[in-house]
Amino acid sequence: MAQSSAFTCLRVLTGLVLTVTWGPLAAKADPSSASVAVDFAHEVRPILSRHCFACHGPDPAHRKAGFRIDIKEGAFATLDEGKGAIVPGKPEASEVFARITHADVDERMPPKETGKALSTSEVQTLRRWIAEGAPWSGHWSFEPIKRPSPPHPVNPELIRNPIDNFVQASARSVGLTPAPQAAPAVLLRRLSLDLVGLLPAQSDVDDFVAHPSDANYRRYVDRYLNSAAYGERWARVWLDLARYADTKGFEKDQVRTIWRYRDWLISALNQDMPFDRFSTEQLAGDLLPNATQDQILATAFHRNTMTNDEGGTDDEEFRVAAVKDRVDVTMQVWMGLTAGCAKCHDHKYDPITQVDYYRLFAFFNQTQDADRWDDAPLAAMPTNPQRAQLAKLQADELSLKRKLVAQAKQTPDFLAWRTRLRRTLSRDYAATAAAGLLRPIVRGSWHRTGPYARKGERAFDVAFEPQNAPFDPKRVFDGGQTRWNERAAWKDGAEVRFGDDRAEVVWYAGRTFEVSSRRRVAFSVRTGVALAVWIDGVLQPRTDPVAFEFDGEWLPGVHSIVLKLADNDAKETFVFDWRADDVGTEPVQVAARLLAPQQDGTDESDVAARFFSVFDPEGSDERRPDVPFVNARATLQKLRRIRAEREAADAAVARIPILKDLTAPARRKTFLHARGDFLSPGAEVQPGTPSAFFPSRGEGNRLTLARWLFDPRNPLTARVAVNRMWAQMFGRGLVETEEDFGAQGTPASHPMLLDWLASEFVRQRWSPKALCRTIVLSHTYRQASEASRQGIERDRYNVWLTRGPRFRMEGEMVRDNALLVAGLLSPKIGGPSVMPMQPEGIWRSVYSGVKWETSPGEDRHRRSLYTFVKRTSPYPSMTTFDAPSREVCTIRRFRSNTPLQALVTLNDPVFTEAAQGLARCMLTLNLGVSQRVAQGFEWTTARAPLPDELNTLVALFRRRLAYFRKHQKEAASAATQPLGALPPGEDAAELAAYTVVGSVLLNLDEFLTKG
Amino acid sequence: MPTLPKRNHTTIDPDQARTMRRLWLLSRRDLGGLGAMAMASFVPRTLRADAPARRGFGRAKNVIFLHMAGAPSQLDLWDHKPTLNRLDGSECPKQLLEGKRFAFIRGVPRMLGSKFKFAQYGQSGAWLSDLLPNFASVVDDVAIVKSMHTDEFNHAPGQLMTLTGRSQFGGASLGSWLSYGLGETGKNLPAFVVLLSGGKTPDGGKSLWGNGFLPSVHQGVECRNTGDPILFLGNPEGVSRETRRDALDVVGRLNRNTAVRTLDGESEARIAQYELAFRMQTAVPDAVNIAAEPKHILDLYGAVPGFATASESADDPRTLFRGTDARFANNCLLARRLVENGVRFVQLFDWGWDHHGATPGESIDQTLPIKAQQIDRAVTGLLKDLKQRGLLDETLVVWASEFGRTPMQQNAQTQRFIGRDHHPHAFTIWMAGGGIRGGQTYGETDEIGYYPVKNPMHVRDLQATILHLAGFDPWRFSYPFSGLDQRLIGPDDSKVRLHEELLG
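Conventions used here
- Residues numbered from 1 in each chain as written.
- Chains lettered and ligands numbered in written order.
- Predicted model: local features only at pLDDT ≥ 70, side-chain atom pairs only at ≥ 80, totals over all residues.
- Helix = DSSP H or I, 4+ residues; strand = E, 2+ residues; numbered from the N terminus.
- Buried ≥ 20, exposed ≤ 12 C-beta atoms within 10 Å, placed from the backbone.
- Contact = placed C-beta atoms within 7 Å.
- Axes fitted to C-alpha atoms, helices over the stretch in contact; angles between N-to-C directions.
- Parallel < 35°, antiparallel > 145°, perpendicular 65-115°, else oblique.
- Left-handed = near helix turned anticlockwise from the far one by under 90°.
- Nonpolar A, V, L, I, M, F, W, Y, C, P; charged D, E, K, R; others polar.
- Expected span 1.5 Å × (residues − 1).
- Pairing = 2+ DSSP bridges.
- pLDDT = per-residue confidence, 0-100.

So, about the overall build of chain A. Of the regular secondary structure elements, chain A holds 37 helices and 19 strands. For chain A, with 1011 residues in total, the buried portion stands at 51%. Considering only contacts in chain A between residues 6 or more positions apart, those separated by 24 or more positions represent 71%.

Our next topic: the overall build of chain B. Scanning chain B for helices and strands turns up 12 helices and 17 strands. For chain B, the residues scored as buried account for 65% of the 504 residues in total. In chain B, 75% of the contacts between residues at least 6 apart in sequence involve partners at least 24 apart.

So, about the packing of helix α33 (residues 929–941) of chain A against helix α36 (residues 988–1002) of chain A. Residue and element names in this part refer to chain A. Remark: α33 packs on α36, axes separated minimally by 10 Å, with the N-to-C direction vectors making an angle of 30°. Judged on the interaxial angle alone, α36 and α33 are roughly parallel. Taken as a pair, α33 and α36 cross one another with a handedness that is right-handed. Touching V933, G936, F937 and T940 of α33 are V997, G998, L1001 and L1002, all from α36. Of the residues assigned to the contact of α33 with α36, the class counts are 5 nonpolar, 3 polar and no charged.

Attention shifts here to helix α25 (residues 751–763) of chain A. Residues and elements named next belong to chain A. Across its 13 residues, α25 extends 18 Å between first and last C-alpha, which sits within 8% of the 18 Å expected from 1.5 Å per residue. Three or more residues of α25 are buried, namely P751, M752, L753, L754, D755, W756, L757, A758 and F761. One or two steps after α25, the chain reaches R765, where phi turns positive at roughly 55°.

The subject of this paragraph is the pairing of strand β9 (residues 404–409) of chain B. Residue and element names in this part refer to chain B. Counting buried residues along β9, 6 of its 6 residues qualify, which places the element largely inside the surrounding structure. Two strands pair when backbone bridges link them, and β9 and strand β10 (residues 420–423) are joined in this way by 3 bridges, in the antiparallel orientation. Within β10, the position partnered with Q409 by the bridge is R420.

In this section: the environment of M408 of chain B. All names here are of chain B. Mapped onto the fold, M408 is located in strand β9. Remark: the alpha-carbon pair of M408 and R110, spanning 298 residues in sequence, is separated by 5.5 Å. Not counting the four nearest positions on each side in its chain, M408 is found in contact with C92, I105, P109, R110, M111 and L112.

Moving on, we get to the environment of K90 of chain A. You can see K90 of chain A is positioned in the loop between α4 (72–75) and α5 (95–100). Spatially, the C-alpha atoms of K90 of chain A and F414 of chain A are 105 Å apart, while their sequence positions differ by 324 residues.

Turning next to the environment of A942 of chain A. Residue and element names in this part refer to chain A. Among the structural elements, A942 can be located in the loop between α33 and α34 (947–966). Its 28 C-beta neighbours within 10 Å are what place A942 among the buried residues. When the C-alpha atoms of A942 and A75 are compared, they prove to be 58 Å apart, with 867 residues separating the residues in sequence.

Turning our attention to the packing of helix α24 (residues 717–730) of chain A against helix α26 (residues 768–777) of chain A. Residue and element names in this part refer to chain A. The geometry of α24 relative to α26 is characterised by a closest axis approach of 11 Å and an angle of 45° between their N-to-C directions. Taken together, α24 and α26 sit at an angle that is classed as oblique. Our pair here, α24 against α26, has a crossing hand that is right-handed. Taking contact as the criterion, the partners of V722, M725, W726 and M729 in α24 are, on α26, L771, C772 and I775.

Atom-level detail of predicted coordinates should not be read off regions where pLDDT is low. Of the residues in chain A, 90% reach a pLDDT of 70 or more, and the chain-wide mean stands at 87. Overall, residues 619–625 of chain A carries pLDDT values under 50, and its contacts beyond four positions in sequence, including any with other chains, amount to 5 contacts.

All names here are of chain A. A cis amide bond links M109 to the next residue, P110, at an omega of -10°. In this fold, P110 is placed in the loop between α5 and α6 (120–131). Cis geometry marks the peptide bond from A376 to P377; its omega dihedral reads 0°. Take P377: it is sitting in the loop between α16 (354–364) and β1 (378–380). Positive phi, normally seen in glycine, also occurs at R675, with a value near 50°. Inspection of the secondary structure puts R675 in the loop between β16 (670–673) and β17 (681–685).

Structure below.
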């Protein structure tokens, strides 16, 4: 039979009998359809969908013989020959039945080439269905959600809430009985892992074992739901849906700053933001009336699409790709439908036409983002501490300004000066200007020269002629071959594409500045690849290879700037920002303030500062310490410092990509894309929802779509959401294909329960925590997970839920808990992504100089949802544990079981460090070997070891101790690499032996598994 | 009633199909809680989801796919165009530019003939440029396809298109499809191994060997040049093989208790996986140790065990490329060893073929000869070595790239080095072994090499060919995901053709 192979397990499924209990029976077992009749929605329609819809379904382009069987009108139509396709009650008279049972295999439907032949039992099901009158209904998940009443309990003592009524009634119909409640320690461990993703504290386990009452269980449920770690655990799940990553994807895969979205997510989950609001803010927070900063931040959900910075790409192509991704993800996450196929043609199985697709596309087609390298539009998203800090600095700044003005006003000289100056200025502005006092700096237009490259060398490293000299537009180079060309269209503050179609070259840009009086000048330049700056012919020192900031004084005269700009891919840009304004040194501003009408709230502090800096009698402070000038000097200094601090704080604020619609005149028209190709526009379409469902209402923007998703008539949103949460806890959704509730998805194993949960979710005002609570309070959830032989034979995969869930934790949880039991896990919540230890040489992306540098301090031991995600090179150990690369939305992760995973938990330095940490935790206990090992076992599994287990582990410890005593060098490495030096006075051999035990504990099936 | 288009595949026995179908459905829907992965680890390979499309092994038991990331110039290596040489320096005809999108070319470029000498070799009379002197000796084993074309003209989407069948992310890679379908491997190695050279990961990133929607067990395993050949293969410092064995015995014993108590098949499987991991720790270093090869074999490939170069870690390795760089040669030799050890699909990527001519470090005249030298002896050696070991018949070797390069010069005529832009409309690949009819040149391009004029072959056709040779029906080899039967060759039957002429 099976080949024993490296990447499949050696065991082979014996006895395929189990399978007969599932499938068609699922529906019958459910009390909703407990009649003997064939259930169309759950038994017949899936057969038709799988075998017939591809050629006889919703897509007219691929429809064969003009016949369709996905809708009632088609299925019961009278065919050309006068025969009925399906004649209710008469299989023999039905042409469809005749064709599927045709004696000639070449005539039999479906055609054998399709590989979709019907099985005997499927044919029988269809026959019975027709014989029973061929009752017809729509696809089950498109039917409205009705709140079913829970069936009568079988064992009232095993009923905790209605979930159990449904589950136990189904189980009984297939002859299975529920398991008893799990042992307290096991249950608390399961609860803690599900709700917060972390193992319970030892003291909590002890407490719950001592007091395993329902009341105490509920107390823990509430405690975990209110723990801040809850938000982290569930954010991890949502981040897969959001395709969250810290880079932009594609070839260049440059860093993207978007972690504030993750902060928002954690906080929204912790506040138990109702799912409708949670969703609306992510889809259209920017369109809500008076949108708050957080609501705008939420829209970064759909800015996790990829941006292609690869050279020579068409930005519109990838803008369109991003918008399509938003359509697909929205339909998949909220509706459980795969809309993607309708990009090119009408969906073959589900009622989404190509027009429907582009109507959905139109909702998303108005955002400003356009595959730009800077990911614009961005918005500053200060964290709460940053916001507080900024507010404080702004308040301090304001009060210092007020103080300065007050101090000025106490100085009679000031009022006289101000009056005099204002009079002078108003009387003879022109004269003043002519005197140079008011003349603004004259900024000459940009000039460009290039491109430059040299054989065998990186162009940027080569000194070409235009550099090291002041800019002079008349200068020529290369013996007159190259000259400065004016680029008057290059605007300050805007992104400028400086090159042309040549890649791997450098360009120079230069301009002049005419200054009429000594001035403070500030400007910044930033670009994508490399930059050098000369001011007046002098190369400026820099720390940042792609950005330069200048802040200094210029004397009267003509100054110049020359920039050297590298363009590797023929699409590089730069931005020049000019800021020549500063308190006290900018006469133009001061004059403007003085001349401005008084009632406009002009900031007089500028005027005051100007006064003090001009008239301050230097050196007078010692003799006359009480004069306002002296006090003002201190105030001015303070003001400058605070302003610098405020500017620094401002600069530290993350600017993250958000959704923002174009203003009315710039709106795009949306056209159907023939064959999905954006270069082949078809008919124009207007925003709208799929026509097979009820219509949307509103002005046709993203908010309209969000409201449609949460309209009480929407049959899918609540079902899809509750199913997802169920799947997280039970390892499998009630609908196994969490990503597909359409015709091709698996039918629900417990359709009534699914509907009850969906209606309950809505009734509880879409509260995720309430839903979570309902699930974990059920007996179904609390059952013991050990299977009996009979249980395995009858229901190997626990479809009927007569055991508690048991499955391997997701990779992130494995790592988090290894760090936790090692005493290393950082409790810090939120913030920028971090880089835990990763082997050398993993990141070798094209054109990206970004390096993996292990985060310092506690940041290398943060929970895994904070690990930096580079799309082209995701964190390898998590990938081994089935984590996706976040290039696309992942609704459901597979759970694999491979030797590579064993290598991670045995050898990855992260886990080695954890084993060493665990060893040190054991060693700090003032106990004997056996008790220490027992304690370590309890930390990792939440139960005391059996005597045999303990003996085995202690024997291992003793053998290793003896070995390490003889191999001190190995002992020293095993105990300290990479965690660090031995604690003072500890014995390396002993610690190394505990480390081996620690590693064993972290590799126990019981540790890796939520049981 | 409808009839389906005739296709170049054989059908399987309908009864068998029904059985397979039932098992397939069962695998898909009925195995409940553990999902599809449980299938991968529990259900016998022959009863797997893909069973309806299986025909057992095809001619190719193994595949070695050599991908030149960046897209080499077919016009300077394979596709001899005397007319283009005559037109060298003249303005490109307008009709070739109208309605076309180029990555970098703007305005009216000039035609660029090849600077390299072409001649015919072997009994088959295959044309080769003088950049490939060694390869001339194996042309009679090779089918050179000059009429390849694709839909994409940027690297990342182009590579994704070639290797995952779609230009967006999320698809399953060719190797993962074959791992999924073939399954059987040597005892201690993964089915799908990836080898990199050139100093950079290819533009499309690790998705090029990702599992996409297939179970993650099928993702390609990167075999690294430095450090552990497979990540985390080596024991931590201070943990000897003896210590590890002792610890794993305890892990196994305790896990056995768990499996017995819970009757959880996954726990049972985990015990086996730990033992396998332990065996891999010695088996993999043995398999990848090319230093164990005799000198004449090393010389055959131009392999140099332990070869290291500064370009390995350089931010931009291109300026450090040397013709004597042995990393690709080492990987070719390694590929043969892996295949011998039961690896089914070996994917090589060699980076540094993007010769736009923007700098001498990425030009046709300066860099292409260096890159050609790096691969010429290596691929020749690989074919000869496979043949002398009797492995070529069952090992399909594919040399390809994501697209080709334009007959026009991309950069300014005044520059002292030359380059070509990306060209999706025509490029050249070759295949050998594993059921390919060697000694032929297939397909033709027009006089300047702009479009195929005979037997155009889309990258989907190439995928279909590879699947076919590996024993799968490309049209029916599918995996249910997101409500569709996903296929490597894409959803549209009419776009795919199997080119019988290439098959032996």
